Structures are given as structure tokens and as C-alpha cells.
Amino acid sequence: MSHAIATVDLHMQSVEEKMRSLCAETGQANDIFLRVLDGHLSAGGQRTRAKISLTCGARLGLRKTDSIALAASVELLHNASLIQDDLQDKARLRRGSPTVWSEYGANCAIGLTDLTIAAAFRALAKVSKPDTLAGLIEHLYRAISVTLRGQTDDLGGAVNSLADALSVARRKSGPLFALALELPLSFAGRHTFLPQASEAAESFGIGYQIYDDIVDLDEDRASKSQSNIVIALEMDLTPEEALRSACHLAQQHLQNSA
């Protein structure tokens with residue numbers, strides 16, 4: 001495991017460079033989208049999905065270039081979702097820095113969202129096994145499709161219970177964590193492990209989302225969000241009980257993903 005971690009640390013800079021190069025316009029010195037993407041990425045983030053993908057790739061013995069391409073694809077989709085979320089939520093700050101739409105406008109945010117999604121597909125174009133492309137693209141499409149439907153239900157006010165909130169969390173957070181495992185597994189031909197990996201990733205995604213909801217509780221309460229798990233629990237519990245229950249739920253889902 002220590003070797004896999006060392007490999008991930010070694011390759012993360014290459015993933016960052018790959019993400020930027022995939023979105024850059026050849027021969028254009030002052031590319032607005034690349035400049036805005038640089039600012040967005042420089043604001044921080046743990047790159048958790050890319051690290052999961054790289055770790056999986058290292059354990060499967062994938063080539064460096066293939067592992068980097070797969071990790072960049074997942075991380076580009078995640079950042080597309082962040083840029084779009086901020087616009088839809090009208091959030092002005094992310095990690096203490098101005099969001100793309102608040103600094104450059106809604107049109108730029110929409111354009112950069114579309115570009116990073118396109119770049120996620122482009123990342124797969126030069127993998128060393130072209131015969132795997134159909135399967136990789138299908139996984140990519142599925143992750144985008146489920147995430148968008150979860151986001152739409154969230155913003156459309158379809159959350160009226162804890163079960164609804166957990167369903168939204170599963171569909172908003174689970175697919176990209178699952179994709180981080182599905183791409184390297186599919187590429188390596190380990191298809192029998194895909195259902196197990198997807199199930200574990202969904203559990204991890206829910207636990208991760210609940211933790212996020214706890215951190216963002218005050219902000220979500222102010223915006224009257226019903227999809228926050230703690231707020232959903234408050235339909236039947238006191239705020240203190242809801243917070244304890246949310247912590248317990250997060251721990252359960254994270255343990256189930258192990």
C-alpha cells in the first residue's frame with residue numbers, strides 16, 4: 001500500500017498538468033477558459049477522486065500514462081460539477097476564493113463546465129488500449145447522467161424525507177467516486193469487480209456527503225436546503241439529536257465502503 005501511495009503522490013502533478021493541457025486551446029496565448037480554470041484549480045481541493053483512481057491504477061499495475069489519463073478524466077468531471085453547482089446555488093465563494101460565475105459571469109461558468117466535461121472524454125482518447133474505449137465512455141456517461149439527475153432532484157425541491165435526502169446524496173456524490181474505481185478496473189479488464197467497487201464507492205460517497213453536510217450546515221440552513229442530511233433528520237429529531245444521528249450515519253456508510 002505504501003508503494004501505491006508514493007506512486008499517487010508522484011503522479012498528482014502530472015494529473016494537474018494533464019487537466020490544464022486538455023482544456024487549453026492550441027496556439028492561443030490568452031485563453032480565457034484556461035486562465036479561469038487555473039484560478040479555480042489553484043483555490044485548492046484534495047483531489048480525492050483523482051487520488052482514488054491513481055491508487056487503483058497503481059494496484060492494478062497500469063501504465064503511468066494510462067493511470068494519469070483516467071484520473072484526469074474523473075477529476076475534470078468533478079470540477080465541472082463544482083463550477084456548475086456554484087452557479088446553480090449562486091455561491092460566491094469556494095474555499096475562500098471567488099467562484100467562477102461570481103468573478104467571470106454565468107456565461108463563462110457554463111462554457112467552462114461544458115469544456116471540462118468535453119475534456120474528460122478527450123482524456124481517454126490516447127489510452128494504450130483503444131479497444132477499452134467503448135466501456136470507458138459508457139462509464140463516463142453513466143456517472144454524468146446519474147449525477148445530473150440527482151442534482152436536478154436536489155434543486156427541484158424533490159426532498160421531503162430522510163430517504164429522499166439520502167437518495168440525492170447517493171446520486172450526487174456516489175457516481176464520481178465509483179467512476180474513480182470503474183475506469184481503471186474496466187481498463188484492466190477486471191469487470192467482475194465492478195459491482196462491488198460501485199457499491200463500496202456509493203457508500204463512501206454518501207458518508208462523504210453527510211460529512212460535507214455537517215460542515216455546511218449553517219450555510220445550508222440559511223439557504224433553506226432540504227437535501228442536507230442533518231436538516232432532513234431534523235424533520236423528526238431535535239437539532240442536537242439530528243447532528244448525532246448524522247455523524248452515526250456517516251460513520252456507518254464509510255465503514256460499509258471499506
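A brief structural summary.

Rules and cut-offs
Per-chain numbering applies: the sequence of each chain, read as written, is numbered from 1 onward. Two thresholds apply to this predicted model, a pLDDT of at least 70 for residue-level local features and 80 or more for giving and counting side-chain atom pairs, whereas whole-chain, interface and lining totals are computed over all residues. With hydrogens and water set aside, each side-chain value is computed from the structure's full complement of heavy atoms. Segments assigned H or I by DSSP are reported as helices when at least four residues long, segments assigned E as strands when at least two residues long, and all are numbered from the N terminus. An expected span of 1.5 Å times one less than the residue number is assigned to each helix. The buried label goes to any residue with under 20% of its type's maximum accessible area, the exposed label to any with over 50%, and the partly exposed label to all in between, with areas taken from a 1.4 Å probe on protein chains only. Arc definition: directions from the helix axis to the C-beta atoms. Orientation is described by lines fitted to C-alpha atoms, with helices fitted over the stretch in contact, and by angles between N-to-C directions that extend from 0 to 180 degrees. By definition in this entry, angles of less than 35 degrees are roughly parallel, angles greater than 145 are roughly antiparallel, angles of 65 to 115 are roughly perpendicular, and the rest are oblique. In this scheme, a crossing is called left-handed if the near helix is turned counterclockwise away from the far one by less than a right angle; it is called right-handed if the turn is clockwise. Two residues form a contact once any of their heavy atoms are found within 4.5 Å. Residue polarity is assigned by list, with Asp, Glu, Lys and Arg as charged and Ala, Val, Leu, Ile, Met, Phe, Trp, Tyr, Cys and Pro as nonpolar; anything else, Gly included, falls into the polar class. Here the term cavity refers to a set of points on a 1 Å grid, laid over the protein atoms alone, in which a 1.4 Å probe fits but cannot get out; the term pocket refers to an open set having protein on both sides within 12 Å along at least five of seven lines, with lining residues being those that place an atom within 4 Å of a point. Grid points are joined across faces, edges and corners, and a volume is the space filled by probe spheres set on the points. Think of a polar contact as two N or O atoms within 3.5 Å of one another; within protein, one of them needs to be a possible hydrogen donor and the other a possible acceptor, and neighboring residues in sequence only count if both atoms come from side chains.

### Quick word on helix H4 (residues 64-89)
An α-helical segment advances 3.6 residues per turn. Residues three or four places apart therefore align on the same side. In this model, H4 (26 residues) spans 37 Å end to end at C-alpha, consistent with the 38 Å of a helix rising 1.5 Å per residue. Counting buried residues along H4, 21 of its 26 residues qualify, which places the element largely inside the surrounding structure. In the stretch just after H4, Lys90 is the one whose phi turns positive, near 60 degrees.

### Describing helix H2 (residues 32-42)
Among the residues making up H2, those that are buried are Val36, Leu37, His40 and Leu41. When H2 is viewed along its axis, its buried side chains cluster within an angular range of 135 degrees and face the same direction. Looking one or two places after H2, you find Gly44, whose phi comes out positive at around 120 degrees.

### Here we look at the packing of helix H3 (residues 48-60) against helix H8 (residues 162-187)
Running from N to C, H3 and H8 cross one another at 25 degrees; their axes reach a closest spacing of 8 Å. Judged on the interaxial angle alone, H8 and H3 are roughly parallel. The element H3 and its partner H8 pack so that their crossing is right-handed. Between H3 and H8, the contacting residues are Thr48, Arg49, Ile52, Ser53, Cys56, Gly57 and Leu60 on the first element and Leu176, Phe177, Ala180, Leu181, Pro184 and Leu185 on the second. Looking at side-chain class alone, the contact of H3 with H8 contains nine nonpolar, three polar and one charged residues.

### Points about the layout of surface pockets
Counted as a void, the second largest pocket has a volume near 540 Å³. Along its surface, the second largest pocket is lined by 19 residues, and Cys56, Leu181, Leu185, Ala197 and Ala200 are the ones closest to its centre. Those elements that place two or more of their residues in the lining of the second largest pocket are H3, H8 and helix H9 (194-215). When its residues are assigned to classes, the lining of the second largest pocket shows 13 nonpolar, four polar and two charged.

### Topic: the packing of helix H6 (residues 106-122) against helix H7 (residues 133-155)
A pair of packed helices is captured by two measures, namely the crossing angle of their axes and the spacing between those axes. Interaxial distance between H6 and H7 falls to 10 Å at its minimum, and their mutual angle equals 155 degrees. Considering their axes alone, H6 and H7 lie roughly antiparallel with respect to each other. For the pair H6 and H7, the sense of crossing is right-handed. Residues Ile117, Ala120 and Phe121 of H6 form the contact with H7, whose own contacting residues are Ile137, Leu140, Tyr141 and Ile144.

### Digging into the side chain of Thr113
With respect to the secondary-structure elements, Thr113 resides in helix H6. Polar side-chain contacts of Thr113 include one of 2.8 Å to the backbone oxygen of Ala109.

### Considering the environment of Arg49
Here Arg49 lies in helix H3. Taking the relative accessible area as the measure of exposure, Arg49 reaches 8% and is therefore buried. Placed 25 residues apart in sequence, Arg49 and Val74 show a C-alpha to C-alpha distance of 6.7 Å. Among residues more than four places away in sequence, those in contact with Arg49 are Val74, Glu75, His78, Leu176, Phe177, Ala180 and Tyr208. Looking at Arg49, its side chain comes within polar contact range of the side chain of His78, at 3.3 Å.

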